[in-house]
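Now for the letters of each chain:
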Amino acid sequence: MLRMSTLFLRTLRDDPSDAEVASHKLLVRAGYVRRIAAGIYSWLPLGYITLRNIERVIREEMDRAGFQEVHFPSLLPKEPYEATNRWNEYGPDLFRLKDRKDGDYLLGPTHEEMFTLMVKGEYSSYKDLPLVIYQIQTKFRDETRPRSGIIRGREFVMKDSYSFDLDDEGLAKSYERHRDAYIKTFNRLGLRFNIVSAMSGAMGGSRSEEFLAPCPTGEDTYVLCEKCGYAANVEAMKTKVSPYSGETPAAIEELDTPNTPTIDSLVDVMNERFGGGYKASDTLKNVLLMADGEAISVLVPGDREVDLKRVAANLPGVVDLRLFDDEDFAKRKELVKGYVGPQDAKRFGLKLYADPRIVVGSHWITGANKLNRHARYVTHGRDFQVDGFIEAAEVRAGDECPECSHPVIIDRAIEIGHIFQLGRKYAQALDLTVLDHEGKSQVVTMGSYGIGVSRAVAAVAEQTHDELGLSWPIEIAPAKVHIVATGKEEAPFTEAEKVALALESSGITVLFDDRRDASPGVKFKDAELIGNPIILIFGKSLADGKVELRIRKGNEKREVPLQSVITEVISLLS
RNA sequence: CGGGACGUAGCGCAGCUUGGUAGCGCACAUGGCUGGGGGUCAUGUGGUCGCGGGUUCAAAUCCCGCCGUCCCGACCA
């Protein structure tokens, strides 16, 4: 039993000055965590119990799914990470250090290499597969900007598992097993979440989904269709298009369009010239990019911006993507800033990528590749061909759902889990192979599955708190019942103690506020701040043989006869 | 990395413009009153004023440098 009289806890009346989001403020005020450095936190008893409760739920679901727990060091040698090139690729986000012999070490940001090598060391036959192993481990990433308290720390607790299969069907099964286990886990944690398709991107592999807990302070934006449930990361959102159905336009017509380097100025001039009717969406924006040193042109409708993240996610293999700068324009004199059009791309040796909205047959007003000149009736398929379609334009609320055409909304969320099919990247790099049934060597295919454990504490706090404080779901609350004894008489304290002991002996955890020197107001405020799901108050009404029972969530109150308190609590918890 | 703000007691803040005994609230200690909503009165404890240098008889305060923290952006899983 936890007793407030001895619990290592000090609640705070004021919000900490460095906290912005609710979970951060409340976890600090309620004495769950304390900041040590930017993005680095200590866990006090209440917080640590909560964190371990979340770990317990995760473990139970992982074990139930048949996965096996292992534990790696956090302090790791550089060599495995050199073999996969991540020692370089990870860049400054990696915490690096040296030992006394000047050897390079790192604090593990994620453990694909270690898991792969561990399996390589033990297994060498297809008969050993499939295999899933996981760990709950402290991870380190030297984030450029840690923020939002423990939502995005530089040191954090993560559950990561890895699946090992002989073939794609096996990988698909391991992936599904994780998906199911994650759904069960997050439901038990009391989180509302959406499963969102994501890009596996440069990591290779095919399928990838994120588990996002919607919450206004979340730092991830995603697209959601409230009608059919389609959800996608902004990068992964697919554009809904229909084939061109209009008439074939007249031949290209070049126009004098002085001082129209922007879409807005172009639309104004067109409307002046032709008496109105032109919109930004009738124009074609040619955005020039440098992709790993190669110039490419991306076409989007004039009323949309290019979303570089979407472009990057849809150009696999490209590491460095940026907009043309003045220097680039200076080097390519044929590309006239503000007057670029796709008609001459071949001649200019430019690769052309089009947003799916630029359908074949559609015609546009676009640059004539001459200063102060534009062209109209420039038709896709007739006047220019593209090297490929690519999701390039920004996603907006109200865009059509690719599944059901209903307008989508854009929402914010905290990423609490991510599952994806890694494929053979790591197994290949580290030469993890097994012999198949024909005795031939096969590279193993892998999946990687993460849950942000410490982040989940904050995510639950974000989703469940109210204006009075924290409010935990039953499974993870530091105690299931918070018992308050008030007054200066002995009876409330002795009766409360009896009930507390009885509950504990039934396996129900109790936090007992047995302080003699705190006023009732202080105890009530603390109980609400701390956020255990059931609050029992032994005080005034005890004279009538009654105890006040409160449900923290919703703050419902009622009086219960002393004799039936225990059965009442038990039935509420089951 | 770019822009902005901040650093004074465990926490939240004032003092800095105009240099001269370091202050308030919470928390903490002791005692009294109070005892169902962070109550109240009294008396206390607690400070390298982020660090280093400079100016000055004298620096929390003015000047220079550094470090740290938070927010927005870029970046990242």
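Our subject is the structure that appears above.
Just so we're clear, the structure is a prediction, and the values are computed from it rather than from any experiment.

*Asks:* Any details on the overall build of chain A? Residues and values, ideally.
*Replies:* Broken down by element type, chain A carries 15 helices and 30 strands. Along the first, second and third principal axes, the C-alpha set of chain A runs to 95 × 70 × 45 Å. In chain A, 68% of the contacts between residues at least 6 apart in sequence involve partners at least 24 apart. Summing over all exposed atoms, chain A offers an accessible surface of approximately 26100 Å²; the carbon and sulfur share of this is 50%. Each charge sign in chain A was given a centre, from 75 positive and 88 negative side chains, and these centres are 2 Å apart.

*Asks:* Any chance you could break down the packing of aromatic side chains for me, citing the residues and the numbers?
*Replies:* Counted by the stated rule, this structure contains eleven aromatic pairs. Note on Y32 and W472: the rings are 5.7 Å apart at their centroids and 35° apart in plane angle, and the pair reads as tilted. Here Y32, found in the loop between α1 (22-29) and β2 (33-37), pairs with W472, found in the loop between α12 (453-464) and β26 (481-485); they are 440 residues apart in sequence, far enough to count as distant. Classification of Y32 by relative accessible area gives buried; the value is 0%. On the accessibility criterion, W472 (4% relative accessible area) is buried. Each residue in the set Y182, F186, F193 and F211 is aromatic and connected to the rest through ring pairs, giving one cluster.

*Asks:* A description of the sheet that holds strand β5 (residues 75-77) should follow, citing residues and the corresponding values.
*Replies:* Taken in spatial order, the three strands of this open sheet run β5-β7-β6, and their pairing is antiparallel. Because the sheet does not close on itself, it has two edges, and the strands there are β5 and β6 (95-98). Within this sheet the neighbouring strands show an average axis-to-axis angle of 35°, counted without direction.

*Asks:* Give a description of the protein's contact with RNA strand B that names residues and reports values.
*Replies:* In the vicinity of RNA strand B, 43 residues are found, and the nearest of them are R13, R152, E528, E548 and R550. R147 has a polar side-chain atom sitting 3.2 Å from a base nitrogen of RNA strand B. Take E548: an N or O atom from its side chain is 2.4 Å from a base nitrogen of RNA strand B. Mapped onto the surface near RNA strand B, the elements with two or more residues apiece are α14 (520-530) and β29 (546-551). With seven residues, α14 is the single largest residue contributor to the surface near RNA strand B.

*Asks:* Could you give an account of helix α2 (residues 45-64), naming the residues involved and the relevant values?
*Replies:* With 20 residues, α2 ought to run about 28 Å at 1.5 Å a step, and its terminal C-alpha atoms sit 28 Å apart, in line with that. Here α2 has its buried residues at L46, G47, I49, T50, L51, N53, I54, E55, V57, I58, E61 and M62. Of the residues flanking the end of α2, it is G66, one or two places downstream, whose phi is positive at about 90°.

*Asks:* Which residues make up the side chain of T257, and what are the values?
*Replies:* Summarising the element assignment, T257 is placed in the loop between β14 (253-256) and α7 (263-274). A residue is classified by how much of its surface remains accessible, and T257, at 0% relative accessible area, is buried. Those residues in contact with T257 that sit more than four places away from it in its chain are L266, V269, R273, Y339, N372, R373 and H374.

*Asks:* Account for the environment of E112, naming residues and giving values.
*Replies:* By secondary structure assignment, the location of E112 is in helix α5 (residues 112-122). Through-space distance from the C-alpha of E112 to that of G417 is 16 Å; in sequence the pair is 305 residues apart. Residues in contact with E112, not counting those within four places in the same chain, are R86, Y162, L422, Y426, M446 and S448.

*Asks:* Lay out the sheet that holds strand β20 (residues 373-379) with the relevant residues and their values.
*Replies:* Either a parallel or an antiparallel arrangement is found when strands of a sheet pair, and the pairing is made through backbone hydrogen bonds. Ordered by their spatial adjacency, three strands build an open sheet running β14-β20-β19, and the pairing between neighbours is antiparallel. In this open sheet, the two edge strands, each paired with only one partner strand, are β14 and β19 (363-370). Adjacent strand axes in the sheet meet at a mean angle of 30° when their direction is disregarded. The sheet contact formed by β19 and β20 spans five bridges and is antiparallel. Paired with H363 across the two strands is T379, which belongs to β20. Across the sheet, α7 lies against β14, β19 and β20, angled at about 100° from β14, the strand it touches most.

*Asks:* I'd like a rundown of the nonpolar core, residues and numbers included.
*Replies:* Counting residues in hydrophobic clusters, the biggest one holds 55 residues, and the most contacted among them are Y32, F186, I416 and W472. It is α12 that contributes the most residues to this core, seven residues altogether. Counting the residues that make up this core, at least three belong to each of domain 1 (13-72 + 111-237 + 410-462) and domain 3 (481-573). Those residues within four positions of W472 in sequence are excluded, and the remaining contacts are L27, Y32, T50, V457, V460, A461, A477, P478, I530, G531 and P533. By size, the runner-up hydrophobic cluster in this structure holds 24 residues, among which are Y162, F164, F420 and M446.

*Asks:* If you had to explain the state of the cysteines to someone new, which residues and values would you point to?
*Replies:* Tallied over the entire structure, the rule returns zero disulfides. Free cysteine C225: the closest other cysteine sulfur is in C404, separated by 3.5 Å. The class of C225 is buried, set by a relative accessible area of 1%. Assessed through its relative accessible area of 25%, C404 is described here as partly exposed.

*Asks:* Would you mind going over the environment of I195 in detail, with residue names and values included?
*Replies:* Position of I195 relative to the elements: it lies in strand β10 (residues 194-197). Here the alpha-carbon distance between I195 and L299, two residues 104 residues apart in the chain, equals 31 Å. Here I195 is in contact with R179, I183, E209, E210, F211 and A231, once residues within four sequence places are set aside.

*Asks:* So what's going on with the pairing of β19? Which residues, and what values?
*Replies:* Along β19, six of the eight residues are buried, which leaves the element largely enclosed by surrounding structure. Between β19 and the antiparallel strand that follows it, β20, lie two residues; N372 among them carries a positive phi value of about 65°.

*Asks:* Any details on the packing of helix α13 (residues 491-505) against helix α15 (residues 565-573)? Residues and values, ideally.
*Replies:* For any two helices packed against each other, one specifies the crossing angle of their axes together with the interaxial distance. Following both chains from N to C, one finds α13 and α15 inclined at 40°, their axes separated by 10 Å at the closest point. Comparing their axes, α15 and α13 come out oblique. Of the two possible hands of crossing, α13 and α15 adopt the one that is right-handed. Where α13 abuts α15, its residues V499, A502 and L503 lie against V565, I566 and V569.

*Asks:* Which residues make up the environment of E20, and what are the values?
*Replies:* Mapped onto the elements of the fold, E20 is located in the loop between β1 (2-3) and α1. Judged by its relative accessible area of 67%, E20 falls in the exposed class. In this structure the C-alpha to C-alpha distance between E20 and V311, which are 291 residues apart in sequence, comes to 32 Å.

*Asks:* Help me get a handle on the pairing of strand β18 (residues 351-354), residues and values and all.
*Replies:* Of the pairings in the sheet, the one linking strand β16 (residues 294-301) to β18 comprises four bridges and is parallel in character. Residue pairing for β18: S297 is matched across the bridge by L352.

The rules we used
Residues numbered from 1 in each chain as written. Chains lettered and ligands numbered in written order. Predicted model: local features only at pLDDT ≥ 70, side-chain atom pairs only at ≥ 80, totals over all residues. Heavy atoms only, no water. Helix = DSSP H or I, 4+ residues; strand = E, 2+ residues; numbered from the N terminus. Contact = heavy atoms within 4.5 Å. Areas by Shrake-Rupley, 256 points an atom, 1.4 Å probe, with all protein chains shown as cover. Lys, Arg positive; Asp, Glu negative; His and termini not counted. Charge placed at Lys NZ, Arg CZ, Asp CG, Glu CD. Phe/Tyr/Trp six-rings, centres within 6.5 Å; stacked < 30°, edge-to-face > 60°. Buried < 20%, exposed > 50% of the residue type's maximum accessible area, 1.4 Å probe, protein only. Pairing = 2+ DSSP bridges. Axes fitted to C-alpha atoms, helices over the stretch in contact; angles between N-to-C directions. Near = heavy atom within 4 Å. Polar contact = N/O pair within 3.5 Å; in protein donor to acceptor, adjacent residues only side chain to side chain. Expected span 1.5 Å × (residues − 1). Core = buried A, V, L, I, M, F, W, Y, C linked by side-chain atoms within 4.5 Å. Domains from an automatic or database assignment. Disulfide = S-S within 2.5 Å. Parallel < 35°, antiparallel > 145°, perpendicular 65-115°, else oblique. Left-handed = near helix turned anticlockwise from the far one by under 90°.

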